[in-house]
Amino acid sequence: MKDDELETWRRQWQGQPAVPIDLIRKVERGTIYLRVGEYAFYLPLAITIATTIGAFLNPNLLSILFAAGLWLFIIIGRIFSNKNMKGVWAPTAETTAAYVDLSILRCRSRLSQIRFSNVLTPLITTFVLVGLYEMFASSGKLEKTEDYVIVGLSFLWTIGVVSLVQIILARQRKKIAVELAYLLDLKHRMENGQS
Amino acid sequence: MSGLEERFHKLLTDNGRALMRLAASYTRNSSDRDDLFQDIALAVWRALPAFRGESSERTFIFRIAQNRAITYMAQRKPTTAPEGEIEIPDPRPNPEIGFVTEQQQTRLFDAIHLLPVEYRQVITLTLEDLSYAEIAEVLGIGESNVGVRLNRARQMLRQLMEKQR
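Residues numbered from 1 in each chain as written. Chains lettered and ligands numbered in written order. Predicted model: local features only at pLDDT ≥ 70, side-chain atom pairs only at ≥ 80, totals over all residues. Heavy atoms only, no water.

Brief notes about the overall build of chain A
We count it as follows: The way it works is that DSSP assigns letters per residue, a run of H or I at least four long becomes a helix, a run of E at least two long becomes a strand, and they are numbered from the N terminus. Should any heavy atoms of two residues lie within 4.5 Å, those residues are counted as being in contact. Per-residue and other accessible areas follow the Shrake-Rupley method at a 1.4 Å probe size, with only the shown protein chains counted as cover for residues.
Looking only at helices and strands, chain A has 6 helices and 0 strands in total. Listed N to C, the secondary structure of chain A is α-α-α-α-α-α in terms of helices and strands. Considering only contacts within chain A whose residues lie at least 6 apart along the sequence, 72% involve residues at least 24 apart. Accessible surface computed for chain A: about 12400 Å², of which carbon and sulfur atoms make up 67%.

Observations regarding a nonpolar patch on the surface
All names here are of chain A. Just so we agree on the cut-off: Without a salt bridge and with relative accessible area above 30%, a residue can belong to a patch; like charges are then joined within 9 Å and nonpolar side chains (Val, Leu, Ile, Met, Phe, Trp, Tyr) within 5 Å. Salt bridge, as used here, is a side-chain nitrogen of Lys or Arg placed within 4 Å of a carboxyl oxygen of Asp or Glu. Relative accessibility decides the category of a residue: with a 1.4 Å probe and only protein chains considered, values under 20% of the type maximum give buried, values over 50% give exposed, and everything between is partly exposed.
A surface patch of nonpolar side chains, about 380 Å² in accessible area, is lined by Val149, Leu153, Leu156 and Ile159. Tracing the backbone shows Leu153 in helix 6 (residues 145-191). Given the relative accessible area of 54%, Leu153 is considered exposed.

Focus on the confidence of the model for chain B
To be explicit about the condition: The quantity called pLDDT is the predictor's confidence in a given residue, expressed from 0 to 100.
Overall, the predicted model of chain B reaches an average pLDDT of 80, with 83% of residues at or above 70. The complex model carries a pTM of 0.52, and its ipTM stands at 0.79.

Observations concerning the packing of aromatic side chains
Note the cut-off: Aromatic pairs are defined between Phe, Tyr and Trp rings, using the six-membered ring for Trp, whenever the two ring centres lie within 6.5 Å; interplanar angles under 30 degrees are classed as stacked, those over 60 as edge-to-face, and all others as tilted. We count a charge as sitting over a ring when the NZ of a lysine or the CZ of an arginine lies within 6 Å of the ring centre and within 35 degrees of the ring normal.
Counted by the stated rule, this structure contains 7 aromatic pairs over all chains. Seen from their ring centres, Trp13 of chain A and Phe109 of chain B are 6.2 Å apart, and the 20° between their planes marks the pair as stacked. Separated into two different chains, Trp13 of chain A in helix 1 (residues 2-14) and Phe109 of chain B in helix 4 (residues 100-114) make up a pair that spans both. For the ring pair Phe80 of chain A and Phe116 of chain A, a centre distance of 3.9 Å and an interplane angle of 5° mean the geometry is stacked. In this pair, Phe80 of chain A sits in helix 4 (residues 61-84) while Phe116 of chain A sits in helix 5 (residues 96-138), placing the two residues 36 residues apart along the sequence. For Phe116 of chain A, a relative accessible area of 23% gives the class partly exposed. Feature note: the residues Phe66, Phe73 and Phe127 of chain A constitute an aromatic cluster, connected by ring pairs. The ring of Phe41 of chain A has Arg78 of chain A lying over it, and the distance from NZ or CZ to the ring centre is 4.5 Å.

Description of the nonpolar core
Note the cut-off: Buried Ala, Val, Leu, Ile, Met, Phe, Trp, Tyr and Cys residues that are joined via side-chain atoms within 4.5 Å together make up what is termed a nonpolar core.
Counting 52 residues, the largest nonpolar core has Trp9 of chain A together with Val44, Phe60, Phe62, Ile123 and Leu157 of chain B as the members making the most contacts within it. Where this core is concerned, the elements lending two or more residues are helix 1 of chain A together with helix 1 (3-25), helix 2 (30-47), helix 3 (57-74), helix 4, helix 5 (117-127), helix 6 (132-139) and helix 7 (143-164) of chain B. Setting aside its immediate chain neighbours within four residues, Leu157 of chain B contacts Trp9 of chain A together with Leu108, Ala111, Ile112, Leu115 and Ile123 of chain B. If you look at the next biggest cluster of nonpolar residues, it comprises 14 residues, including Leu23, Ile104, Cys107 and Ile114 of chain A.

Focus: the environment of Asp101 of chain A
All names here are of chain A. Tracing the backbone through its elements, the reader meets Asp101 in helix 5. Looking at Asp101, the relative accessible area reads 2%, which means it is buried. Distance from Asp101 to Val88, taken between C-alpha atoms, is 9.6 Å for residues 13 residues apart in sequence.

Digging into helix 1 of chain B
Residue and element names in this part refer to chain B. Cut-off, in case you're wondering: Any helix carries an expected span of 1.5 Å times its number of residues minus one. Note on bend: at a given residue it equals the angle between the axes fitted to the 7 residues ending there and to the 7 starting there.
Look at helix 1: 32 Å from first C-alpha to last across 23 residues, which is about the 33 Å you get at 1.5 Å a residue. In helix 1, a bend of some 65° at Asn15 exceeds every other bend along the element. For helix 1, the full list of buried residues reads Phe8, Leu11, Leu12, Asn15, Gly16, Ala18, Leu19, Arg21, Leu22, Ala23, Ala24 and Ser25.

Let's talk about the confidence of the model for chain A
Confidence in the prediction of chain A, expressed as mean pLDDT, is 86, and 93% of residues score 70 or more. Per-element confidence in chain A is highest for helix 4 of chain A, whose mean pLDDT is 93, and lowest for helix 2 (residues 21-40) of chain A, whose mean pLDDT is 81.

Examining the packing of helix 5 of chain B against helix 6 of chain B
All names here are of chain B. Counted only if it meets this: Only the contacting stretch of a helix is used when fitting its axis, a line to C-alpha atoms as for every element, and angles between N-to-C directions run 0 to 180 degrees. In what follows, roughly perpendicular refers to angles from 65 to 115 degrees, roughly parallel to angles under 35, roughly antiparallel to angles over 145, and oblique to any angle outside these ranges. Two helices that cross are described as forming a left-handed crossing if the nearer one is turned anticlockwise from the farther one by less than a right angle, and a right-handed crossing if clockwise. When residue character is reported, Ala, Val, Leu, Ile, Met, Phe, Trp, Tyr, Cys and Pro are called nonpolar, Asp, Glu, Lys and Arg charged, and the others, Gly included, polar.
Put simply, helix 5 and helix 6 touch, their axes get as near as 10 Å, and they point 135° apart. It follows from the interaxial angle that helix 5 and helix 6 lie oblique. The handedness of the crossing between helix 5 and helix 6 comes out as right-handed. The segment helix 5 lies against helix 6, with Gln121, Val122, Leu125 and Thr126 engaging Ile135, Val138 and Leu139. Looking at the contact of helix 5 with helix 6 residue by residue, the class counts come to 5 nonpolar, 2 polar and no charged.

Focus: the pattern of salt bridges
All told, the structure shown has 9 salt bridges over all chains when counted by the stated rule. Salt-bridge contacts for Arg10 of chain A lead to Glu7 of chain A; the nearest nitrogen and oxygen are separated by 2.6 Å. Placement of both Arg10 of chain A and Glu7 of chain A in helix 1 is noted, with a separation of 3 residues, approximately one turn of the helix. Taking the relative accessible area as the measure of exposure, Arg10 of chain A reaches 15% and is therefore buried. Assessed through its relative accessible area of 36%, Glu7 of chain A is described here as partly exposed. For the salt bridge of Arg21 of chain B with Glu128 of chain B, the shortest nitrogen-to-oxygen distance reads 2.8 Å. With Arg21 of chain B in helix 1 and Glu128 of chain B in the loop between helix 5 and helix 6, this residue pair connects regions lying 107 residues apart in the sequence.

Structure below.
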């Protein structure tokens, strides 16, 4: 009985599958993108901090509300990100299964992130543009027609950039969905012992 | 390719997977494992000219690998629980993880990882098909001591794997 046990362990030990190197590389590349994504969070945070400092230096209801609104978006974004990024940083074991599972988890996390961004980005953009317009208007910076034209064009440019980002995200979403379907199929085949 | 290079190449070809498994049992991620493996390979390359066949190539290479692994561990924080205080890591957060066969392998691998080093050495070498005599030679201990450690290692492994279920 005990020798059988040792033989079983020996088979399991020596049968440890080597994780395909390309899968490891792919996961490692993904980790770099995740880190970049984490650092990217600091840009809106810095803008929000600067806006808050501005609101303290020139306190008025509008600037305080604007800063508070930005903080609200930052907090919502952070809470979502913390929940969404749970478990996506590293495989739980050095096995092919764990690497495939991590890749699946990352795909799902990216899809959730895109869906979340589809909702939050238009909201933030609208909030920021309306807020800026109100602040410009109340501070008397919009006097001549050309001021309105400049502000209007800036807003249109901003909306254009945001729309472009949304289009790129929509295309990414399709690619990720295809990748996820492939990974799920791979996992299914591995579970059933097919090659 | 010189004779030395050929021998080195053959040694790594024949024992590469076993060395990689051994390196993995002392490390927690693929990059550390690869570092330790390279460290072992370099140590083998340096020691090879002095190897005169006093022991088998297998025991020669495993002795170097065990020594490098111990040095590697000494340079890093201990990852094993002290003897007699076996601890199980937190359960995995993702219930989907692991396929049946790999789950068993992972359980065994994780349990080996938690063994105190003297038992881990004996069990990994046993699982690599080394005889008592070879293990004794690799570790520089008596054969009877190998038997004692192996029994204790198996007992601890059983407990650890049972707790992981």
